[in-house]
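Fold and contact review
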Protein chains: 2
Amino acid sequence: MNIGDISKATGLPAKTIRYYEEIGLIRPARGANGYRHFSETDLHNLTFLGRARSLGFSIEECRALLALYTDKDRASADVKEIARTHLAQIDAKILELQAMRATLADLMAACAGDHRPDCPILKGLAGEP
Amino acid sequence: MNIGDISKATGLPAKTIRYYEEIGLIRPARGANGYRHFSETDLHNLTFLGRARSLGFSIEECRALLALYTDKDRASADVKEIARTHLAQIDAKILELQAMRATLADLMAACAGDHRPDCPILKGLAGEP
DNA sequence: GATAGGGCCTCCAGTCGCTGGAAGGTCAAG
DNA sequence: CTTGACCTTCCAGCGACTGGAGGCCCTATC
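Residues numbered from 1 in each chain as written. Chains lettered and ligands numbered in written order. Predicted model: local features only at pLDDT ≥ 70, side-chain atom pairs only at ≥ 80, totals over all residues. Heavy atoms only, no water.

**A word on the UniProt feature "domain: HTH merR-type" (unreviewed entry) in chain A**
- Under the local residue numbering, the UniProt record ascribes the feature "domain: HTH merR-type" (unreviewed entry) to residues 1-68 of chain A.
- From the first C-alpha to the last, residues 1-68 of chain A spans 25 Å; its make-up is 62% helix and 6% strand. (UniProt positions renumbered as here; feature names shortened; annotations may be inferred. Helix = DSSP H or I, 4+ residues; strand = E, 2+ residues; numbered from the N terminus.)

So this is what it looks like as structure tokens:
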């Protein structure tokens, strides 16, 4: 499979796949013409990476997960530990966004949103009582 | 006030303040020695920027908000429109993170997390049923 | 007056995870 | 033989900073 085929199969842009090769996440073979040639294993690995990325794992976490995925002697505890850390980060992010949301919604509720210049949103951002 | 003083007063790193000047968000005066000199207005503007950023507004949104903050003839509707757009983005992000969280939590719940190599998290990422 | 320290300056490079584009080689169809 | 779709590499840029090098300025102490 060429990069275009694997791109369609995985849903990942060709640019992204080249980038993953550049940073050493995958090592596709090369044909005589210089084209990348992707095996079934490459397909599995890229699918894995795509799903892990879509769950918000960083590239380095993906690298670790992929190594565990490839290592048939891994302990599932190692995987779960990475997942636990990531889950905590997601939760922290959600809380942060919810706090932002609440503050912003409060300010917006106080704002008439009409032609007049008086604006509680700006006042709130400026730190006025 | 020098940059160190304003940094303490606003809680923004000096590097960030210099960056805000570089991209034209603020225009502090300069002393004969080349040092930036910050007025009360600069202090207000930087405080405003700090709060807006902490609510997740992008730099360009902050630029627009700051212009409205400075314009005493603004319409509060203009401010509210920016806030509404941003609120929608926050909500979208929260939903995305909650979906990630749910998927990840499901996978983790199925994983024993012990010394054995069998791992539903990896299976899920690989796309196994 | 010399020196030590802290603060300030600019400029360059790096972060993360791609993404866009230019310039050029390859391949299959008509 | 040409067209057009594909592939290649390399360089640059996104957002919003952040770190560090190298060097000037200011105050305090000896």
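**Considering the protein's contact with DNA strand C**
- Close to DNA strand C lie 19 residues, the nearest being K15, Y20 and R53 of chain A together with Y35 and R36 of chain B.
- Contacts to DNA strand C include R30 of chain B, whose side-chain N or O atom sits 3.1 Å from a phosphate oxygen.
- Residue Y35 of chain B places a side-chain N or O atom 2.7 Å away from a base nitrogen belonging to DNA strand C.
- Elements represented by at least two residues in the surface near DNA strand C include exactly α2 (14-22) of chain A together with α1 (3-10) and α2 (14-22) of chain B. (Near = heavy atom within 4 Å. Polar contact = N/O pair within 3.5 Å; in protein donor to acceptor, adjacent residues only side chain to side chain.)

**Notes on the relation of the copies chain A and chain B**
- You can overlay chain A on chain B at an RMSD of 0.1 Å; the transform is a turn of 180 degrees with a shift of 0.0 Å along its axis. Such a combination of rotation and displacement between the chain copies is what one expects of a two-fold axis. Rotation axis and chain A: the residue whose C-alpha lies nearest the axis is I94 of chain A, separated from it by 3.0 Å.
- Most of the interface of chain A is mirrored in chain B, where 100% of its interface residues are also at the interface. (Least-squares fit on C-alpha atoms with pLDDT ≥ 70 in both. Contact = heavy atoms within 4.5 Å.)

**Quick look at the packing of helix α1 (residues 3-10) of chain A against helix α3 (residues 40-54) of chain A**
Residue and element names in this part refer to chain A.
- For the pair α1 and α3, the least separation of the axes is 10 Å and the interaxial angle reads 45 degrees. One element, α1, and the other, α3, form an angle in the oblique class. Viewed along their axes, α1 and α3 form a crossing whose handedness is right-handed. When α1 is examined against α3, the residues I6, A9 and T10 are found in contact with a partner set consisting of L43, L46 and T47. (Axes fitted to C-alpha atoms, helices over the stretch in contact; angles between N-to-C directions. Parallel < 35°, antiparallel > 145°, perpendicular 65-115°, else oblique. Left-handed = near helix turned anticlockwise from the far one by under 90°.)

**A short note on the interface of chain A and chain B**
- If you look at the interface, chain A gives 50 residues, while chain B gives 50 residues.
- Buried surface at the junction of chain A and chain B, both sides included, amounts to about 4300 Å², of which 74% is carbon and sulfur.
- Across the contact surface, chain A and chain B share two salt bridges.
- D91 of chain A is the salt-bridge partner of R101 of chain B, the closest N and O atoms lying 2.6 Å from each other. (Buried area = accessible area lost by both parts, 1.4 Å probe. Salt bridge = Lys/Arg side-chain N within 4 Å of Asp/Glu carboxyl O.)

**With respect to the protein's contact with DNA strand D**
- Looking at DNA strand D, there are 19 residues lining it, with G4 and R36 of chain A together with K15, Y20 and R53 of chain B nearest.
- The sugar-phosphate portion of DNA strand D accounts for 70% of its atoms within 4 Å of the protein, the bases making up the rest.
- Between a base oxygen of DNA strand D and a side-chain N or O atom of K15 of chain B, the distance comes to 2.2 Å.
- The separation between a phosphate oxygen of DNA strand D and a polar side-chain atom of T16 of chain B is 3.3 Å.
- Breaking the surface near DNA strand D down by element, the ones donating at least two residues are α1 and α2 of chain A together with α2 of chain B.
- Looking at which element gives the most residues to the surface near DNA strand D, the answer is α2 of chain B, with four residues.
- Of the residues assigned to the surface near DNA strand D, the class counts are seven nonpolar, six polar and six charged. (Nonpolar A, V, L, I, M, F, W, Y, C, P; charged D, E, K, R; others polar.)

**Re the pattern of salt bridges**
Residues and elements named next belong to chain A.
- Applying the stated criterion to the full structure yields 14 salt bridges over all chains.
- In this structure, R36 engages E21 in a salt bridge whose closest nitrogen and oxygen atoms are separated by 2.5 Å. In this pair, R36 sits in strand β2 (residues 36-37) while E21 sits in helix α2, placing the two residues 15 residues apart along the sequence.
- Overall, the relative accessible area of 19% leaves R36 in the buried class.
- Between D114 and R116 there is a salt bridge; the shortest N-O distance is 2.6 Å.
- Residue R116 is classed as partly exposed on the basis of its relative accessible area of 45%.
- By sharing partners, the salt bridges in this structure join E21, R30 and R36 into a single network. (Buried < 20%, exposed > 50% of the residue type's maximum accessible area, 1.4 Å probe, protein only.)

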